[in-house]
Amino acid sequence: MHGRTLAGTLAFFLAAPLLGQSLEEKVSEFTLPNGFRFLIVERHESPVFVGLVRFKVGSVDEVPGITGLAHLFEHMVFKGTTAIGTRAWEKERAVLDEIERVGEALSRAVVEGDEETVKALREELEALEEKHQTLIVPGEFDTVYDENGGTFLNATTGADLTTYFVALPSSRLELWMLMESERFKHPVMREFYKERDVVAEERRMRIETSPGGALYEALIHAAFTVHPYRIETVGYMSDLKTVTVGDAEKFFAEHYVPQNSVVALVGDVDPAHAAELAQKYFSDIPKAPDPPPVRTVEPEQKGERRVRLEFDAEPGLMVAYHVPTWPDEDFYALRALSYALTEGRASRLEKALVKEGVASDVDAWFGPGERYPHLFMLSADPIAPHTTEEVERILYREFERLEREPLTKRELERVRNNLQANAVRRLGSNFWLAFSMTEYELLTGSWRNMLTYVDKVGSVTAEDVQRAAKAYLTESNRTVAVRVRRAVKGAEGAERMRASVFSAPSVPSALGFGWLYPAEPARETDAP
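Residues numbered from 1 in each chain as written. Predicted model: local features only at pLDDT ≥ 70, side-chain atom pairs only at ≥ 80, totals over all residues. Heavy atoms only, no water.

### What about the packing of aromatic side chains?
- One pass over the full model with this rule turns up 27 aromatic pairs.
- Ring geometry for Phe-165 and Phe-431: centres 5.7 Å apart, planes at 80 degrees, overall edge-to-face. Of this pair, Phe-165 sits in strand S5 (residues 162–169) while Phe-431 sits in helix H17 (residues 430–444), and the two are 266 residues apart along the sequence.
- Both rings, one in Tyr-332 and one in Tyr-453, keep their centres 6.3 Å apart while their planes meet at 50 degrees; by these two values the pair is tilted. Here Tyr-332 is found in helix H13 (residues 331–342), whereas its partner Tyr-453 is found in helix H18 (residues 450–458), with 121 residues between them in sequence. Considered together, Tyr-332 and Tyr-453 belong to a single accessibility category, that of buried residues.
- The structure contains a cluster of three or more aromatic residues connected by ring pairs, namely Phe-55, Phe-73, Phe-78, Phe-141, Tyr-145, Tyr-164, Phe-184, Phe-252 and Tyr-256. (Phe/Tyr/Trp six-rings, centres within 6.5 Å; stacked < 30°, edge-to-face > 60°. Helix = DSSP H or I, 4+ residues; strand = E, 2+ residues; numbered from the N terminus. Buried < 20%, exposed > 50% of the residue type's maximum accessible area, 1.4 Å probe, protein only.)

Rendered as structure tokens:
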């Protein structure tokens, strides 16, 4: 938090609508002729600023065969440009052309299952990559920021959005403009096939060897039958083994267009000076057609779906319901319902499951994204000897209880207090403010919608929550994913059974995905 105490910020916030007025007074915004939008928030308490570039592109924009590409491309734009990261660009470009020729042939051979050709092409590719290493300056993009006081340099990709961010001294604003504009003008697919292997390893860690990740993927595969929200951001392993530089360049050309982005600068920034620099560095990025739309619509679910995942881990449960997203009338009631069920020790499911010792944790969230109708999801891990079946019965019992016992005034007040506390924490951070404003700008059409979010969720009534629960938390709209321990025979199996009975489970339920609205807990990877 920069130069403002929590109490001071709270007073600032609770003076709303002064919140909206005060923030609006501090925001300058403009759009370049090519479509690049800029949001600038002046905060002069410290001589630093956060620079954030966000594009409305994510895994929802992928199709089978190139899954994981949005995330992989995020990695690639840290590899430099035609001027940054190279020792001799013309010589390097010739080697990169050869690498791509071999890479394309290798991908075809992998798809065709021609093992002999695959082996020969891999050896050729390795030789070219070794030659390529003599022509580059590895990590130079990061080094430039490091040597100029940059911190928190990172990026993140979700189902809907991809984000690049860094914090810098305010005297380095022009450097930021240069670096960020260059990497979207002249990106180079440098070390593409090595980075592809890095992303494949991420999939192994986050999904294939992760109890929570594997269960989550099973859940969204069952819940979405056709919509691309069924694709996990990290992609499928077969695609990660065959996606090519040509695929990445096509994806970049289609989605990384000026009108599909928004830039936020929050901190010690002079808006007039920033506008001059934005014109100087970003205005020559050419306009391009709008990205192709996502045409597929998920059909109505007509009956409960269940999936059983065998995994060498403690049992776990996830339950999902299809629900609408912003600006549907029930959007805010469902947010309030989520808070009332799982936020804090006094929430209904915390008391019914965790306080009673039935489950080690319980969580609720919305995802995988927010651009299209999505899921309201809950997860809980039972504590032995309690079972997933028992946890499931308690979940449904609490949903039914909502019909008989609507949320009390005290519960609704707790929802409002949690919303306000979360909003205060986020407003105190230059990073979170930049993230929130750009998210609202890209997903709802205006960053100003964040100013009314707390009030709208806070004004939800018990009747609104009852209506939403009755409409969406139904058996026919439900998908259930259960993780069970894979059966192991003999002495090893007996030992594992004893361990599961006498130890409390610690299976992670947070999965690392889905940036949500600013009053909710973040679950995306690589966040500051």
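### Details of the packing of helix H3 (residues 69–76) against helix H11 (residues 245–255)
- The geometry of H3 relative to H11 is characterised by a closest axis approach of 10 Å and an angle of 90 degrees between their N-to-C directions. Classified by the angle between their axes, H3 and H11 sit roughly perpendicular to one another. Contacts between H3 and H11 involve Leu-69, Ala-70 and Phe-73 from the first element and Asp-247, Ala-248, Phe-251 and Phe-252 from the second.
- By residue class, the composition of the contact of H3 with H11 is six nonpolar, no polar and one charged. (Axes fitted to C-alpha atoms, helices over the stretch in contact; angles between N-to-C directions. Parallel < 35°, antiparallel > 145°, perpendicular 65-115°, else oblique. Contact = heavy atoms within 4.5 Å. Nonpolar A, V, L, I, M, F, W, Y, C, P; charged D, E, K, R; others polar.)

### Focus: the confidence of the model for the protein chain
- Confidence in the prediction for the protein chain averages 89 pLDDT; 88% of positions are at 70 or higher.
- Here residues 1–20 is a poorly scored stretch, pLDDT under 50, and it has 27 contacts once near neighbours within four places are set aside; other chains count.
- Counting interchain partners and residues more than four positions distant, the pLDDT-below-50 stretch residues 496–528 has 94 contacts. (pLDDT = per-residue confidence, 0-100.)

### Describing the sheet that holds strand S11 (residues 478–485)
- The mixed open sheet is built from five strands, whose spatial order is S7-S11-S8-S10-S9. If you trace the sheet from one side to the other, it starts and ends with strand S7 (305–311) and strand S9 (359–367), each paired once. Neighbour-to-neighbour, the strand axes of the sheet open up by a mean angle of 15 degrees, direction not taken into account.
- By the bridge criterion, seven bridges tie S9 to strand S10 (residues 374–382) in an arrangement that is antiparallel. Paired with Ala-359 across the bridge in S10 is Pro-382.
- Running over the sheet, H13 touches strand S8 (316–323), S9 and S10 and is turned about 170 degrees from S9. (Pairing = 2+ DSSP bridges.)

### Here we look at helix H12 (residues 271–282)
- Taking 1.5 Å per residue, 12 residues should reach 16 Å; H12 reaches 15 Å between its end C-alpha atoms and fits that length.
- The set of residues buried in H12 consists of Pro-271, Ala-274, Leu-277, Ala-278, Tyr-281 and Phe-282. Taken around the axis of H12, the buried residues stretch over an arc of 120 degrees, which confines them to a single face. Along H12, the residues that are exposed and aim more than 90 degrees away from the buried face are Glu-276 and Lys-280.
- Packed against the buried residues of H12 are strand S1 (27–31), strand S2 (37–42), helix H7 (173–185) and strand S6 (261–267). (Expected span 1.5 Å × (residues − 1). Arc of directions from axis to C-beta.)

### Examining the layout of surface pockets
- In this model, the second largest pocket occupies a volume close to 380 Å³.
- Every residue lining the second largest pocket is counted, 20 residues in all, and those nearest its centre are Glu-298, Pro-299, Glu-300, His-322 and Pro-373.
- Partitioned by chemical class, the residues of the lining of the second largest pocket number 10 nonpolar, eight polar and two charged. (1 Å grid on protein atoms, 1.4 Å probe; cavity = no way out; pocket = protein on both sides within 12 Å on 5 of 7 lines; lining within 4 Å. Points joined across faces, edges and corners; volume = space filled by probe spheres on them.)

### Quick notes on the environment of Glu-74
- With respect to the helices and strands, the residue Glu-74 is situated in helix H3.
- Sequence separation of Glu-74 and Tyr-164 is 90 residues, and the distance between their C-alpha atoms is 8.2 Å.

### Comments concerning the environment of Gly-212
- Note that Gly-212 resides in helix H9 (residues 211–223).
- Using a relative accessible area of 2% as the deciding quantity, one classes Gly-212 as buried.
- Sequence separation between Gly-212 and Ser-379 is 167 residues, and the spatial gap between their C-alpha atoms is 9.5 Å.

### Let's talk about the pairing of strand S4 (residues 151–157)
- Two elements, S4 and S5, share five bridges in a ladder whose sense is antiparallel. Paired with Asn-154 across the bridge in S5 is Phe-165.
- The turn linking S4 back onto S5 is made up of four residues.

### As for the nonpolar core
- If you look at the biggest cluster of nonpolar residues, it comprises 73 residues, and the most contacted ones within it are Leu-337, Leu-353 and Phe-376.
- Every residue in contact with Phe-376, bar those within four places of it in the chain, is listed here: Val-319, Ala-320, Tyr-321, Val-323, Leu-337, Ser-338, Leu-341, Ala-364, Trp-365, Phe-366 and Leu-473.
- Residues Leu-96, Ile-99, Trp-176 and Phe-252 belong to the second largest nonpolar core, which totals 66 residues. (Core = buried A, V, L, I, M, F, W, Y, C linked by side-chain atoms within 4.5 Å.)

### What to know about the pairing of S6
- For S6, a buried count of seven out of seven residues is recorded, marking the element as mostly surrounded by other parts of the structure.
- Bridging between S2 and S6 involves six bridges; their strand directions are parallel. Opposite Ile-40, over in S6, you have Leu-265 as the bridge partner.
- Relative to S6, strand S3 (residues 48–55) runs antiparallel, the two sharing seven bridges. From the neighbouring strand, Leu-52 faces S6, where its bridge partner is Ala-264.

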